[in-house]
Amino acid sequence: MAKILLAEDDLFLRDIYTEVLAAEKFEVTSAVDGEQASEKLKIGGWDLVLLDVYMPKMSGIEVLNHFNKAQLQSLAKHIVFMTNNDEGKELNDALDKTEGYILKSSFTPDQLIAKIRQYLAD
């Protein structure tokens, strides 16, 4: 069973993603803001981290900037941003610490699961 850290501040999306992922037998732990995401990321052992870019207290980008690339690789096998905005220098600069991003507005739950399975298969 893959362990997924879901960092999403929107309650509705967090609940939907958690329900969809749990139905696929993933072990899901959620974080409601960037500060909580950073603390939970430090625990390590994550197969996948789904990290919202824009969250209260700390953005997803700020969360990643608290760790160097080697630290991140030791804490999580895969890190993927989730965003509704795929433009901007800040996002592009942070992508070197992740495997990419998912546009939340473009993915149905089935497509999200398929994309997650692709990341976990690597």
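Fair warning: this is a prediction, and the values are worked out from it, not measured in the lab.

Asker: Account for the packing of aromatic side chains, with residues named and values stated.
Answerer: Summed over the entire model, instances satisfying the criterion amount to zero aromatic pairs. One Lys or Arg, K3, reaches over the ring of W46 and ends 5.0 Å from the middle of that ring.

Asker: Summarise helix 1 (residues 11-23); cite the residues concerned and give the values.
Answerer: Between its first and last C-alpha atoms helix 1 spans 18 Å; for 13 residues at 1.5 Å apiece the expected length is 18 Å, and the two agree. Within helix 1, the full set of buried residues consists of R14, Y17, V20 and L21. With its buried residues spanning 140 degrees around the axis, helix 1 presents them on a single face. For helix 1, the exposed residues lying more than 90 degrees away from the buried face are L11, F12, E19 and A23. If you follow the buried residues of helix 1, they end up packed against strand 1 (3-7), strand 2 (27-31), strand 3 (48-52), strand 4 (79-83) and helix 6 (109-121). One side-chain oxygen of the residue at the start of helix 1 lies 3.0 Å from the amide nitrogen of F12, identifying that residue as D10. Positive backbone phi, approximately 70 degrees, marks K25, located one or two places after helix 1.

Asker: Please set out the environment of V32 residue by residue, giving values where relevant.
Answerer: Of note, V32 is situated in the loop between strand 2 and helix 2 (34-43). Judged by its relative accessible area of 35%, V32 is partly exposed. When neighbours within four sequence positions are excluded, V32 is seen to be in contact with E8, D9, R14 and P56.

Cut-off values and rules
- Each residue is numbered by its place in its chain's sequence as written, counting from 1.
- In keeping with the predicted nature of the model, local features appear solely for residues at pLDDT of at least 70, side-chain atom pairs appear and are counted solely at 80 or more, and the whole-chain, interface and lining totals rest on all residues.
- Side-chain descriptors were evaluated using all non-hydrogen atoms of the structure, hydrogens and water having been removed beforehand.
- Think of it this way: a Phe, Tyr or Trp ring, Trp meaning its six-membered ring, pairs with another when their centres are within 6.5 Å, and the plane angle makes it stacked under 30 degrees, edge-to-face over 60, tilted otherwise.
- We call a charge positioned over a ring when the NZ of a Lys or the CZ of an Arg lies within 6 Å of the ring centre and within 35 degrees of the ring normal.
- Under the scheme used here, helices are H or I runs from DSSP no shorter than 4 residues and strands are E runs no shorter than 2 residues, and both carry numbers assigned from the N terminus.
- Residue count minus one, scaled by 1.5 Å, sets the expected span of a helix.
- Buried means the residue's accessible area, taken with a 1.4 Å probe over protein chains only, is under 20% of the maximum for its type, while exposed means over 50%, and partly exposed covers the values in between.
- Here the arc refers to the set of directions running from the helix axis out to each C-beta atom.
- Contact criterion: two residues are considered in contact whenever any of their non-hydrogen atoms come within 4.5 Å of each other.
- Polar contacts, as counted here, are pairs of nitrogen or oxygen atoms within 3.5 Å of one another; within protein the pair requires one atom able to donate a hydrogen and one able to accept it, and residues that are adjacent in sequence qualify only if both atoms are side-chain atoms.

Treat this as a map of the structure, not an account of what it does.
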